[in-house]
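Working through the structure, step by step
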Amino acid sequence: MKKEQVVNCQFSAWYPIFKKHTIKSLILPLPQNVIDYLLDDGTLVVSGSDQNTQPRRTDNSDSEDQEDVQWSDDETTTTVTAPEFPEFTSKVLEAINSLGGRVFPKLNWSAPRDANWIALNSSLQCCSLADIFLLFKSSDFITHDLTQPFLQCSDQDSPDPVIKYELVLRKWSELIPGGEFRCFVKENKLIAISQRDYTQYYPHILTQEEQVSQAIQVFFSQNVQYNFLDEDFVFDVYRDSQGKVWLIDLNPFGEVTDSLLFTWDELTSGGEVAQHQQEGPTFRFTTSEVTVQPSPCLSYRIPRDFVDLSAGEDAYKLIDFLKLRKTQQEDSEEEEEEGNAPP
Ligand SMILES: Nc1ncnc2c1ncn2[C@@H]1O[C@H](COP(=O)(O)OP(=O)(O)OP(=O)(O)O)[C@@H](O)[C@H]1O
């Protein structure tokens, strides 16, 4: 996979080409100070902040660099108020409103799918910039977009193309996971289709195997084939309850993209799947409850430090930490009973 293929799969590169066939979206340039904030590990997002619903302007410029650090009574905790971005906040709010008030946020390539556990509703649905920041700052996928977009490219010796970072806001749509499929295109031929959420068994895919495959093939030949900037790529689709197919996303053809129910060996030149062109694409899906596999995002549901701590000798530190939490909880319950709890 070459750096150019990664560049071509940025949202702003493919959206204008396939606008008619995908979910309505808006693209906003991401200011450098917002990028810096997203990459700054030390700044916390303070939940409950209403800064995004009522953007406050202190002077004529965006004075984001200033962080307001408030020390709480408890010596062990600090509350760092997130910096404000008045101009950017207004633009984002305007965009969210024009998309119906609820959006699905992404950067140039990725959505913060690994961070949905942190959102109150465990969903990527956002109504404000604070919602977006919370997800973005908790996501390794977003950090990857910002810091290492060309990590797995074969042409490492060539200079990295300059990337203009963008916040993508997509109109929120209730997509049923059983309707999502990933399609692999090699030399402009659709060689393979995989159920996107292979962690579940969806009986309707089994019973409608032929219709699903046909609908995707027709969508590909009518709307996608020869229209994209590369001849090797991966595209994701959604087949709605009326059988209409929508484009959801485009990804590079290579290891950086999850090959789901295929392996990259199978999909690349020497592989079996890549050679079976005549009969159409190979279609794979989970065929019974027995073949269900665990979700690849499971490891993202608890903070990485906890995962590390739970392995090897450090497991004892985790146990100590949990015991400490329990004692603290019991203490505060006792205090509450005694009527001493803080308001
Ligand atoms: N507009 C939307 N509204 C609600 N959910 C959405 C929307 N767009 C995408 N999704 C859901 O989020 C999932 C991930 O979306 P998307 O493919 O854009 O993210 P991604 O980070 O590029 O993922 P990948 O790296 O696997 O391609 C989709 O499979 C779909 O279930």
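Residues numbered from 1 in each chain as written. Predicted model: local features only at pLDDT ≥ 70, side-chain atom pairs only at ≥ 80, totals over all residues. Heavy atoms only, no water.

Here we look at helix 2 (residues 11–18)
The condition is simple: Categorising residues by exposure relies on relative accessible area from a 1.4 Å probe, with only protein chains included: less than 20% of the type maximum marks a residue as buried, more than 50% marks it as exposed, and the intermediate range marks it as partly exposed. Secondary structure elements are taken from DSSP: a helix is a run of H or I of four residues or more, a strand is a run of E of two residues or more, and numbering for both begins at the N terminus. Taking the helix axis as origin, the arc is that swept by the directions to the C-beta atoms. Note on definitions: a residue-residue contact is assigned when non-hydrogen atoms from the two residues lie within 4.5 Å.
Within the sequence span of helix 2, burial applies to Phe-11, Trp-14, Tyr-15 and Phe-18. The buried side chains of helix 2 occupy one side of the element, clustering within an arc of 110° when seen end-on. Contact partners of the buried residues in helix 2: helix 1 (3–8), strand 1 (25–29), strand 5 (166–171), helix 8 (209–224) and strand 9 (245–252).

Some words on the confidence of the model for the protein chain
What counts here: The pLDDT value expresses, per residue, how confident the predictor is, ranging between 0 and 100.
For the protein chain, the average pLDDT comes to 82, and 71% of its residues sit at 70 or higher. A low-confidence stretch, residues 47–67 (pLDDT under 50), is modelled with 34 contacts involving residues beyond four sequence positions or located in other chains. Taken together, the stretch residues 339–343 has pLDDT below 50 and engages in 3 contacts with residues farther than four places along the chain or on a different chain. Across the predicted assembly, pTM comes out at 0.79 and ipTM at 0.98.

Considerations on the site of the ligand
Put simply, the test is: Any residue with a heavy atom lying within 4 Å of a molecule or strand is counted as near it. We call two N or O atoms a polar contact when they sit within 3.5 Å, provided that within protein one can donate a hydrogen and the other can accept it, with sequence-adjacent residues counted only if both atoms are side-chain atoms. Each accessible area is a Shrake-Rupley estimate made with a 1.4 Å probe; only the visible protein chains count as cover when residues are assessed. Gly is placed with the polar residues, together with every amino acid not listed as nonpolar (Ala, Val, Leu, Ile, Met, Phe, Trp, Tyr, Cys and Pro) or charged (Asp, Glu, Lys and Arg).
As a structural note, the neighbourhood of the ligand is formed by 18 residues, with Ala-111, Ser-173, Glu-180, Arg-196 and Asp-249 the closest of them. At 2.9 Å, a side-chain N or O of Lys-106 approaches an oxygen atom of the ligand. A distance of 2.6 Å separates an oxygen atom of the ligand from a polar side-chain atom of Arg-196. Calculation on the ligand without its partners gives an accessible area of 620 Å², and the protein chains cover 87% of this total. At the level of secondary structure, the elements contributing two or more residues to the shell around the ligand comprise strand 4 (103–106), strand 5, strand 6 (180–186) and strand 9. Per-class residue counts for the shell around the ligand are 6 nonpolar, 3 polar and 9 charged.

A closer look at helix 5 (residues 129–137)
Residues of helix 5 that are buried: Leu-129, Ala-130, Ile-132, Phe-133, Leu-135 and Phe-136. Along its buried surface, helix 5 packs onto helix 3 (32–39), helix 4 (86–98), strand 4, helix 6 (140–147) and strand 5.

Focus on the environment of Leu-190
As for its placement among the helices and strands, Leu-190 is situated in strand 7 (residues 189–195). For the pair Leu-190 and Glu-255, spaced 65 residues apart in the sequence, the C-alpha separation amounts to 18 Å.

Examining the pairing of strand 9
Applied cut-off: Note: two strands are recorded as paired if DSSP finds a minimum of 2 bridges between them.
Judged by how many residues are buried, strand 9 sits mostly within the fold: 7 of 8 residues are covered. Pairing between strand 8 (residues 233–239) and strand 9: 7 bridges, direction antiparallel. Bridge pairing in strand 9 links Arg-239 to Val-245. Between strand 8 and strand 9, which pair antiparallel in sequence order, lie 5 residues; one of them, Gly-243, sits at a positive phi of approximately 90°.

A closer look at the sheet that holds strand 7
The condition that has to hold: Fitted lines through C-alpha atoms give the axes, limited to the stretch in contact for helices. The angle between two N-to-C directions lies from 0 to 180 degrees.
Pairing within the open sheet is mixed, and its 5 strands lie in the order 9-8-6-7-10. A strand with exactly one partner marks an edge of an open sheet, and here the two such strands are strand 9 and strand 10 (282–284). Taking the axes of each pair of neighbouring strands and ignoring which way they run, one obtains an average angle of 20° across the sheet. Taken together, the 3 bridges between strand 7 and strand 10 define a ladder with parallel strand orientation. Bridging across to strand 10, Ala-192 finds its partner in Thr-282. Its contacts with the sheet place helix 8 against strand 6, strand 7, strand 8, strand 9 and strand 10, and it is angled at close to 125° to strand 8.

Re the pairing of strand 5
Of all the 6 residues making up strand 5, 5 are buried; the element is thus mostly covered by neighbouring parts of the structure. Sheet analysis places strand 1 next to strand 5, joined by 5 bridges and oriented antiparallel. Its bridge partner lying in strand 5, Ser-25 is registered against Arg-170. Bridge analysis of strand 4 against strand 5 gives 4 bridges, and the strand direction is antiparallel.

Quick look at the sheet that holds strand 5
One open sheet holds the 3 strands; their spatial order is 1-5-4, and the pairing between them is antiparallel. Since the sheet does not close on itself, it has two edges, and those belong to strand 1 and strand 4, each with one partner. Sheet twist, expressed as the mean angle between neighbouring strand axes with direction ignored, is 20°. Its contacts with the sheet place helix 4 against strand 1, strand 4 and strand 5, and it is angled at close to 175° to strand 1. Running at roughly 40° to strand 4, helix 5 makes contact with strand 4 and strand 5 of the sheet.

Quick notes on the side chain of Gln-225
In this fold, Gln-225 is placed in the loop between helix 8 and strand 8. Looking at Gln-225, its side chain comes within polar contact range of the main-chain oxygen of Asn-188, at 2.8 Å. When neighbours within four sequence positions are excluded, Gln-225 is seen to be in contact with Asn-188 and Phe-220.

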